[in-house]
Amino acid sequence: MNAVYMLASRRHGTLYVGVTSQLVQRVSEHRAETRGGFTSRYGVKRLVWFEAHEDILSAIQREKALKRYPRAWKINLIERENPTWDDLFPALIREEGPLAHLSPREQSY
């Protein structure tokens, strides 16, 4: 699944916008701090918003657009779908989560 996603350090905290073709794996890397960089430096680990895309090019376009959005717009986008800023990552890896249709091999970390 191609996805654009936003991570946060906490509610209204530091935000990170990213794009990936392996959402579970990529968020796992952020959470484990295996790649270092911005998310590790600022403790940005909570998946607060994501959006699936059919192809990677549309996902990349959306990511670039979101990065240009003012911070207030990003917060509104998060709060429209996740008003309590819950960490959505656990739902991704549960059977009833939005990726339940994928085989275990496709959900590899």
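See above for the structure.
What you see is a predicted model; the values in this text were computed from it and never measured.

Undergrad: For this particular structure, what's the right way to read the pairing of strand β1 (residues 2-8)?
TA: With seven of seven residues buried, β1 is to be regarded as a mostly interior element. Taking every second residue as pointing to the same face, both faces of β1 are buried, with N2, V4, M6 and A8 on one and A3, Y5 and L7 on the other. Bridge count for β1 against strand β2 (residues 15-20) is six bridges, and the pairing is antiparallel. Pairing of A8 across the sheet is with L15, part of β2.

Undergrad: What am I meant to see in the packing of aromatic side chains here?
TA: For any pair of aromatic rings, geometry is given as the distance between the ring centres together with the angle between the planes. The full count for this structure, using the stated rule, is four aromatic pairs. The interplanar angle of 45 degrees and the centroid separation of 6.2 Å between the aromatic rings of Y5 and Y16 together place this pair among those described as tilted. Highlighted residues: Y5 in strand β1 and Y16 in strand β2, separated in sequence by eleven residues. Exposure remark for Y5: the relative accessible area of 1% places this residue in the buried category. The rings of Y5, Y16, F38 and Y42 are connected pair by pair, giving a single aromatic cluster.

Undergrad: What's the story with helix α3 (residues 56-68) in this structure? I'm lost.
TA: Residues separated by three or four positions in an α-helix point in the same direction, a consequence of the helix having 3.6 residues per turn. The terminal C-alpha atoms of α3, which comprises 13 residues, lie 19 Å apart, in line with the 18 Å expected from a rise of 1.5 Å per residue. Every buried residue of α3 is listed here: A59, R62, E63, A65 and L66. For α3, the buried positions fall inside an angular range of 165 degrees around the axis, keeping them on one side. Counted as exposed and oriented over 90 degrees from the buried face of α3: L57, Q61, K64 and R68. Sitting at the head of α3, D55 places a side-chain oxygen 3.2 Å from the backbone nitrogen of L57.

Undergrad: Where do I start with the side chain of H53 in this structure?
TA: Relative to the assigned elements, H53 resides in strand β3 (residues 46-53). Exposure remark for H53: the relative accessible area of 17% places this residue in the buried category. Separated by 2.9 Å, the side chains of H53 and E51 make a polar contact. Leave out the neighbours within four places in its chain, and H53 touches N2, V4, S58, A59 and R62.

Thresholds, definitions, all that
In every chain, residue numbers begin from 1 and rise along the written sequence. Per-residue local features are limited, in this predicted model, to residues with pLDDT of at least 70; the limit for side-chain atom pairs, both in listing and counting, is 80 or more; totals at the level of whole chains, interfaces and linings are taken over all residues. Think of the side-chain values as coming from all heavy atoms in the structure, minus any hydrogens and water. With a 1.4 Å probe rolled over the protein chains alone, any residue whose accessible area is under 20% of its type maximum counts as buried; one over 50% counts as exposed, and the rest are partly exposed. Helix and strand assignments follow DSSP, with helices taken as H or I runs no shorter than four residues and strands as E runs no shorter than two, numbered in order from the N terminus. At least two DSSP bridges between two strands are required for those strands to pair. Geometry of aromatic contacts follows a simple scheme: Phe, Tyr and Trp rings, the Trp one being its six-membered ring, pair when their centres are within 6.5 Å, and the pair is stacked under 30 degrees between planes, edge-to-face over 60, tilted otherwise. Helix span is expected to be 1.5 Å times the residue number reduced by one. Within this analysis, the arc is defined by the directions that extend from the helix axis to the C-beta atoms. For the purposes of these results, a polar contact is taken to be a pair of N or O atoms within 3.5 Å, where, inside protein, one atom must be able to donate a hydrogen and its partner to accept one; residues adjacent in sequence count only when each atom of the pair is a side-chain atom. In what follows, residue pairs with any heavy atoms lying within 4.5 Å of each other are defined as contacts.

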